[in-house]
Structure formats: C-alpha cells, structure tokens
Amino acid sequence: MNPVHRSILSSTPGLSRRTFLGLGAAAAGVMLLGACGSGETATSATSIPRDGGRLRAVFAGGGAQEVLDPHKTNLYADVARSNALYDKLVEYGDDLGPVPRLATAWRPNGDATIWTVELRPAVFHDGRPVRAADVLYSYQRILDPKNALRPRASLEVIDIARSRAVGDRTIEFVCARPCGDLANVLAAFGAYIIPEGTTDFTAPIGSGPFTFVSFEPGRSFVAGRFDEYWDGAPHLTELEILTAPDETARINSLLGGQVQYADDLGVTSARTYETDARVQILRSPRSSMSGFAMKVDRPPFDDLNLRRAMFALVDREELVSTVLGSSGVVGNDLFGKDAKYYAGDLPQRRLDLDEAKSLIRKAGAENLTIELQTTGATNGFVEAANIFAEQAGRAGLRIDVKVGEGSTYWTRTLDEGVLSSFRSGAMPIETHVAQRMLSTSSKNYTQWRRPEFDTLFATASETTDEELRARAYKQMQSQLYTEGGLLVWGFSDGLHGLAPNVAGMAQNAPSNTLGYARFDKAWLS
C-alpha cells in the first residue's frame, strides 16, 4: 500500500488540532478522559487476556471520501477497517511469506496453470457460510476492468471466467498463463472476500473478527465483537477507529487518554515518549520506504540524464539522519531492501555533485526550476522535501516545494505533476512491481511503462523455476536502478503508540502484514 495519509481537518475548514480532540470524542459519544502528566503512573496492561471494553484507535484518514468497500483499500485507516470486517484467503506474515487465512491449502497442477484452493469452515456476520462462490464473486468484481480496483493488477493472472467452484469449499483457479506463486497473488493488497452479490457497503457484511455498527466517513468507524469468528472471538467488545490529520493530533489524543492506539508516529515523538508511562511504543520493522517519484513519461524527467543527475545529487545520509533518525537506513533507489529477490549487489549510490552537475549540463537543465509536490499530512514529507530542495540547489537545480492538501494528495500526484514525495509500506517486491511498475499498474506513480519490463515480470510470475524467477527480478531491478524514476533514499521502522493498558498487539509486524492494524487479539486492562 501507499503510505497515504489524509486529513479530516484539511477537509473541514477552520478545524484545529485542538478542536479535533473534542470532535473525535463527541462524534463517538464518549467522555474525554483527563490527561496524565508526564511521568505519572498509568494503568498497566494485564498479562492475562481480559474480555470487554472499547478500544479506540486513531489513524490518518481520508476525509469525507472514505468508504467501506474493502477492494478500494488504500490508506492505513482503510486497512484497519478492512482487517476488522473482512478476511483474505492468504495474508503476508512478518517475513512477508504467505500465511493461510480463509484458504487452508493451495496446490498447482503439473504446469501451474490450474490451482486448487481449499477453504476453511467460516461464516459471514449474517450467518451464511463462506463459500467458493463468494471467493469467485469477490475476484470477479476485482478483475472487472470497469471497477479499476487496485488488487486487479495482482489478480489478473487468474482467468476468472474459466475458474470454478468444485464444491462449497473448494475452488479451481484457472490461470491465464502459468502461475508459479499463487499464494502471493491471493495475499494481494485489498483482495478481501465479500459475500456473493454484494454491491452496497453502507452496512457491510464480512467474515472478519468484528461486525459493522456505524460509520461516519472521515471521523469514526465502530464495530462490535463477532462471537463466531473462525480464529476466535476478539477480547474487545467494541473497536472504534478515528481519524486525525497529523501526528501531533494523534499523539495528543493518546496522551490525553482519548484513544488507546495512535498509528504512525514520528521519530521525534517516539524518542520523546519512549520512557513516558503514558505510552508504549510499538514498532513495525522495515515498514516504511521513503523517496521521491519522478514521472519518466514527460519533461523534464523523460531525459535519462536528468534522472541520473537526481540520483547523484541526493545526500541520502543527510536525509536519513535528519528525517528518520536512528531507525533509518539509506536506500539505493530500489524497493524492498533485504526482501526476497532484492538486488542487494547493485552498487550503493552516493552523493556525487560533480557527476550530478555534468549530467544536468548534458540534459540542458542548468538553473531549471522543478516543482516538487508534497503534503504535511504524512510524517517527514515536508522536512525531506525541503532538505532535498537544498541539496538540489548545490547542483544547480531549483526545487520549488509545493505543500498541498492531504486528502487528495495521492490521487492528485498519481497523474499530475512531475516530481512528488513518495512513501510505501512493506510488501513483497512482486506486489510492488505488479501494482506500481507495470504498464497496466493502477498505482504507477512514476509512469514507468516498458514492454520488455512487463515481459520479465510475466516470466517471473509464470515460472516454477526459482532460479529463473530470481534472475528475472534481478533484471527488472537493474532496469529500474539504471533508468527508473523512483528515487529511494531511506527505509525505517513504522512507529505507533499504545496506551499502557493495552496488550495483545502483534509485535514486529511490518505494515501491510497480518499483524499490522489488527485488534482482534488485543485486550484492555
């Protein structure tokens, strides 16, 4: 997923961070709790799970445009709501490997053109069993070109028209071409299962651990415990997900006792409050990739010399030390550092101002002004953009930083402009490529479209030969490293805040994996 963070406040003129604290609680119909002073003793979590209570979690949201359609999941708040209401067939584990969920087994035929998938016994919130027909309907909806849904790029290997239900809990997926790794396809971002025939999501029904209670877009989502959940009923009686525009509002609501979970804290906040009795810091390892997206299909970045100049002029160490702190490591203009298939043998790029200036001259771009779009709704974006602008100035380019409204940032920068701040949560490299780097990818922020690149991806996806697949991914990354438009300057852990009376949250779960933004195993003391 894109690490997209949108603002409820930005879409509500005149609403301040302080106002949010009152509004969030008022919208939820709850009484504000008095804030403890720093260092005061707070209630600690019990080691033995306890049932009951409402846990309130706050995420950066998407404002009035938020929906409960799980196939439109894009924001971290969407992920949290979808994880509460729905299931996928397979999820990514902490190591980004497949973890069975509604699917218990998947096996190919001899040439990996047909896969048989078995479902576990599970029921939807209205008591209907989860059947093969529901899975086929969900995937058919995702794959319908008219719907333009994000998981489509990952699932398009499935020939849904030729796929069939063998029984109520057995599906035969026919692939349009050999598919060597179906589990990764089934775990695709947003590939949740909905009941057959669902078209209305105003009061959604899923098979997840919580049932729908209420939803006010951009403000509050409330769900109740589902006692028949196949993986065990949650400890919590209710879960409420609130949204706040920026990190300051989120950390303040946690410190003030209005919420028990605050998503996506900055490095400075985590360091400030790591010894504060009112906060536990929860880490999501390897969760955040930070960079800038250059659109390669239009001036000035259709000139490879200028893209290479940008790679040479950036001081990654300065950005990492200033913006990410001790949790950060430098990037090398490739996604998925240390993940499976990552091309770690490509030379680490370093600051080379002479090379940058030479390439800028070759591109005829001396003293060129380039607009960089960014937003204050995502931690570190504006700070990194300003540092990058200063670095570019040393090489003779002028970067004009434009700070835009948060709720439309990711839709706007997908097609508009030439240069934008970019961040991503964790996912396998295969998923990143499928959803962002193919000619048909719906989230192609760099507008990278190369038929030979698409062919390499098809080769990697089709083969069951692990060496051939690894070689294809290496070739793809070599192309992106040499000619691509994604400048990746750093990686860091995701940081979240918990109230001291919260326990049971998954530890060490990267974003976009099974343990992230899930509250069905959490409890309150």
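All values derive from a computational prediction rather than experimental measurement.

## Notes on the packing of aromatic side chains
In the structure shown here, the tally under the stated rule is 18 aromatic pairs. Relative to Phe519, the ring of Phe59 has its centre 6.5 Å away and its plane inclined at 90 degrees; by these criteria the two rings are edge-to-face. Placement of Phe59 in strand S1 (residues 54-59) and of Phe519 in the loop between strand S18 (502-503) and strand S19 (523-524) is noted, with a sequence separation of 460 residues between them. Phe59 sits in the buried class, given a relative accessible area of 0%. Ring geometry for Tyr341 and Tyr473: centres 4.8 Å apart, planes at 20 degrees, overall stacked. With Tyr341 in the loop between strand S13 (329-330) and helix H10 (353-362) and Tyr473 in helix H15 (residues 466-483), this residue pair connects regions lying 132 residues apart in the sequence. A single burial state applies to Tyr341 and to Tyr473, both of which are buried. What links up through ring pairs into an aromatic cluster is the set Phe381, Tyr409, Trp410, Phe422 and Tyr445.

## Here we look at the UniProt feature "domain: Solute-binding protein family" (unreviewed entry) in the protein chain
Following the UniProt record, the feature "domain: Solute-binding protein family" (unreviewed entry) maps to residues 98-426 here. For residues 98-426, helix accounts for 26% and strand for 25%, while the C-alpha atoms at its two ends are 14 Å apart.

## Structural notes on helix H9 (residues 316-324)
For H9, every residue scored as buried is listed here: Arg316, Leu319, Val320, Val323 and Leu324. End-on view of H9: buried residues confined to an arc of 95 degrees, all on one side of the axis. Among the structural elements, helix H7 (267-273), strand S12 (280-294), helix H8 (304-313), S13, helix H11 (381-394) and strand S17 (486-498) are those in contact with the buried residues of H9. At the N-terminal boundary of H9, the capping side chain belongs to Asp315, with an oxygen 3.3 Å from the backbone nitrogen of Glu317. Of the residues trailing H9, Gly325 is marked for its positive phi of about 65 degrees.

## A look at the nonpolar core
Formed by 48 residues in total, the largest nonpolar core has its most connected members in Leu55, Phe59, Tyr261, Met505 and Phe519. Those elements giving two or more residues to this core turn out to be S1, helix H2 (76-85), strand S9 (220-225), strand S10 (238-243), helix H6 (247-255), strand S11 (261-262), H7 and S17. Ranked by residue count, the leading element in this core is H2, at six residues. Sequence-distant contacts of Leu55, defined by excluding residues within four places in its chain, comprise Leu236, Glu238, Leu239, Glu240, Gln260, Tyr261, Val502, Phe519, Ala522 and Leu524. Counting residues in each nonpolar core, the second largest holds 37 residues, with Leu102, Ile142, Ile158 and Ile193 among its members.

Rules behind the numbers
- Residues numbered from 1 in each chain as written.
- Predicted model: local features only at pLDDT ≥ 70, side-chain atom pairs only at ≥ 80, totals over all residues.
- Heavy atoms only, no water.
- Phe/Tyr/Trp six-rings, centres within 6.5 Å; stacked < 30°, edge-to-face > 60°.
- Helix = DSSP H or I, 4+ residues; strand = E, 2+ residues; numbered from the N terminus.
- Buried < 20%, exposed > 50% of the residue type's maximum accessible area, 1.4 Å probe, protein only.
- UniProt positions renumbered as here; feature names shortened; annotations may be inferred.
- Arc of directions from axis to C-beta.
- Contact = heavy atoms within 4.5 Å.
- Polar contact = N/O pair within 3.5 Å; in protein donor to acceptor, adjacent residues only side chain to side chain.
- Core = buried A, V, L, I, M, F, W, Y, C linked by side-chain atoms within 4.5 Å.

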